[in-house]
Amino acid sequence: MACTGIVHLPELDRLTPAELEAQLGAPRKKESFLRGERQDEFHVLLENFYPLKKAGNRDVPLQEWTWTEKDCQLTVWLHKVSGRWITLVNSRYSATADF
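**Notes on the overall build of the chain**
Here comes step 1: Helix and strand counts for the chain stand at one helix and four strands.
Here comes step 2: Listed by position from the N terminus, the elements making up the chain come as α-β-β-β-β.
Here comes step 3: Relative to the 2.2 N^0.38 estimate, which gives 13 Å for 99 residues, the radius of gyration of the chain is 13 Å and therefore close to what a compact globule would have.
Here comes step 4: Overall size of the chain, expressed as C-alpha extent along the three principal axes, is 40 × 30 × 20 Å.
Here comes step 5: Residues classed as buried in the chain amount to 40% of the 99 residues present.
Here comes step 6: Of the contacts made within the chain by residues no fewer than 6 positions apart, 53% connect residues no fewer than 24 positions apart.
Here comes step 7: Within the structure as shown, the chain displays about 6,000 Å² of accessible surface, and the carbon and sulfur contribution to it stands at 52%.

Printed below as a string of structure tokens:
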């Protein structure tokens, strides 16, 4: 199926890293960062969960995992809840998308 637009995949919500990798395999890329370090258009979804207007959100640790398959990319962001990493939000989009 062609990858057009930006799509949220609800079946990936609230998964642990192990569950995520069991479903999708190892990601092509994994990155860790603090919320305040990523303020570009690509990371605008994070504003819904950790708005930067609240100063404490700048220091929230997040992980970003990305998979590529044919003309699609999938990025999943994870955050810590009660000391455990779980998926926060995800975005499936064209590999040629320009954010």
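Next comes the rest of the write-up.
**Remarks on the side chain of serine 91**
Here comes step 1: Tracing the backbone shows serine 91 in strand E4 (residues 84–94).
Here comes step 2: Sequence-distant contacts of serine 91, that is, excluding residues within four places in its chain, are made with Ile6, Val7, Leu45, Gln73, Leu74, Thr75 and Trp77.

**Quick word on unusual backbone geometry**
Negative phi is the rule for most residues except glycine; trans is the rule for most peptide bonds.
Here comes step 1: Positive phi outside glycine occurs at arginine 14, with the angle close to 60 degrees.
Here comes step 2: Tracing the backbone through its elements, the reader meets arginine 14 in the segment before helix H1 (17–24).
Here comes step 3: Classification of arginine 14 by relative accessible area gives exposed; the value is 59%.
Here comes step 4: Here serine 82, not a glycine, exhibits a phi torsion of approximately 50 degrees, which is positive.
Here comes step 5: On the secondary structure map, serine 82 appears in the loop between strand E3 (72–81) and E4.

**Focus: the packing of aromatic side chains**
Here comes step 1: As enumerated under the stated definition, the model contains three aromatic pairs in all.
Here comes step 2: Ring geometry for tryptophan 65 and tryptophan 67: centres 6.1 Å apart, planes at 50 degrees, overall tilted. The pair tryptophan 65 / tryptophan 67 is uniform in exposure class, with both members buried.
Here comes step 3: The side chain of lysine 30 reaches across the aromatic face of tryptophan 65, ending 4.2 Å from its centre.
Here comes step 4: A cation over a ring is seen here: arginine 38 above phenylalanine 33, with NZ or CZ 4.2 Å from the ring centre.

**Describing the sheet that holds E3**
Here comes step 1: Read from one edge of the open sheet, four strands run E1-E2-E3-E4, paired in antiparallel fashion. For this open sheet the edge positions go to strand E1 (29–34) and E4, each flanked by a neighbour on one side alone. The sheet shows a mean angle of 20 degrees between the axes of neighbouring strands, taken without regard to direction.
Here comes step 2: In the packing of H1 onto the sheet, the strands contacted are E1, strand E2 (61–69), E3 and E4, and the crossing angle to E2 comes to about 5 degrees.

How each quantity is defined
Residues numbered from 1 in each chain as written. Predicted model: local features only at pLDDT ≥ 70, side-chain atom pairs only at ≥ 80, totals over all residues. Heavy atoms only, no water. Helix = DSSP H or I, 4+ residues; strand = E, 2+ residues; numbered from the N terminus. Rg over C-alpha atoms; globule rule 2.2 N^0.38 Å. Buried < 20%, exposed > 50% of the residue type's maximum accessible area, 1.4 Å probe, protein only. Contact = heavy atoms within 4.5 Å. Areas by Shrake-Rupley, 256 points an atom, 1.4 Å probe, with all protein chains shown as cover. Phe/Tyr/Trp six-rings, centres within 6.5 Å; stacked < 30°, edge-to-face > 60°. Lys NZ or Arg CZ within 6 Å of the ring centre and 35° of its normal. Pairing = 2+ DSSP bridges. Axes fitted to C-alpha atoms, helices over the stretch in contact; angles between N-to-C directions.

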